[in-house]
Amino acid sequence: MSHDELGRLASAIDRYQARLVEADANERIFFADASHELRTPVAVVRGTAEVLLDGSQTDAGTRLRLRRLDRGMQELTDLLDVLLGLARRREPVPEVLDARELLQEAVSASAAADAQASPVSIDAAGSLRLPRHESLLLLRGLIRRILPPEEPGRLTMRLDGAELSLAFVGEGA
């Protein structure tokens, strides 16, 4: 490059661009480390809760508290996924998904922490073009919000075109 004003400007821009590339690489390393450091203790707590829930000597009150703990840890796991996905600027990749299978997978993942899962009715047909991971995170969050812990009842999910409706009817209603 020339040593005139234009050359100095071009050199400054090149140095700035190199610093941006280095900062981006450092940010990716940080998020990879943070992801590991945050997920490891969450996995340990969830694993311990699962083992204790599987134990036959656990009394009903402790089981209730363990299921609540496991639901909270699943919610924390989902929040970490969302936050780290946003921080990594990960671009969601849409794919063609069977609507009924997607809703069933979301229900199964949401109910995994609860041995007394409510019966579910799913009315959905056709396919959707959505990012799978992000859609499941969103659906699990909605299902967790609508299902009252430890209350028996029935969850109804209906997908009609682009409209999704969720309803929970308790046994006492």
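What counts as what
- Residues numbered from 1 in each chain as written.
- Predicted model: local features only at pLDDT ≥ 70, side-chain atom pairs only at ≥ 80, totals over all residues.
- Heavy atoms only, no water.
- pLDDT = per-residue confidence, 0-100.
- Helix = DSSP H or I, 4+ residues; strand = E, 2+ residues; numbered from the N terminus.
- Salt bridge = Lys/Arg side-chain N within 4 Å of Asp/Glu carboxyl O.
- Buried < 20%, exposed > 50% of the residue type's maximum accessible area, 1.4 Å probe, protein only.
- Pairing = 2+ DSSP bridges.

Caption draft 1: Fine view of the confidence of the model for the chain. Model confidence for the chain is summarised by a mean pLDDT of 85, while 94% of its residues fall at 70 or above. Per-element mean pLDDT across the chain ranges from 84 in helix H2 (residues 60-87) up to 93 in strand E1 (residues 94-98).

Caption draft 2: Region of the structure containing the pattern of salt bridges. Counted according to the given criterion, the structure contains nine salt bridges. Here Arg46 and Asp70 are joined by a salt bridge, their closest N and O atoms 3.2 Å apart. Placement of Arg46 in helix H1 (residues 5-54) and of Asp70 in helix H2 is noted, with a sequence separation of 24 residues between them. Its relative accessible area of 18% is what places Arg46 among the buried residues. We note a salt bridge from Arg144 to Glu75, for which the minimum N-O separation is 3.7 Å. Pair noted here: Arg144 is in helix H4 (residues 132-146) and Glu75 is in helix H2, with a separation of 69 residues, a long-range link. According to the relative accessible area criterion, Arg144 is buried, its value standing at 17%. Beyond isolated ion pairs, a larger network of salt bridges with shared partners links Glu75, Asp78, Arg140, Arg144 and Arg145.

Caption draft 3: Spotlight on the pairing of strand E4 (residues 153-160). Only one face of E4 is buried: it carries Gly153, Leu155, Met157 and Leu159, and the other face, with Arg154, Thr156, Arg158 and Asp160, is open. Direction of pairing for strand E2 (residues 120-123) relative to E4: parallel, over a ladder of four bridges. Note that in E4 the partner of Ser121 across the bridge is Thr156. Counted between consecutive antiparallel strands, the loop separating E4 from strand E5 (residues 163-170) contains two residues, among which Gly161 sits at a positive phi close to 65°.

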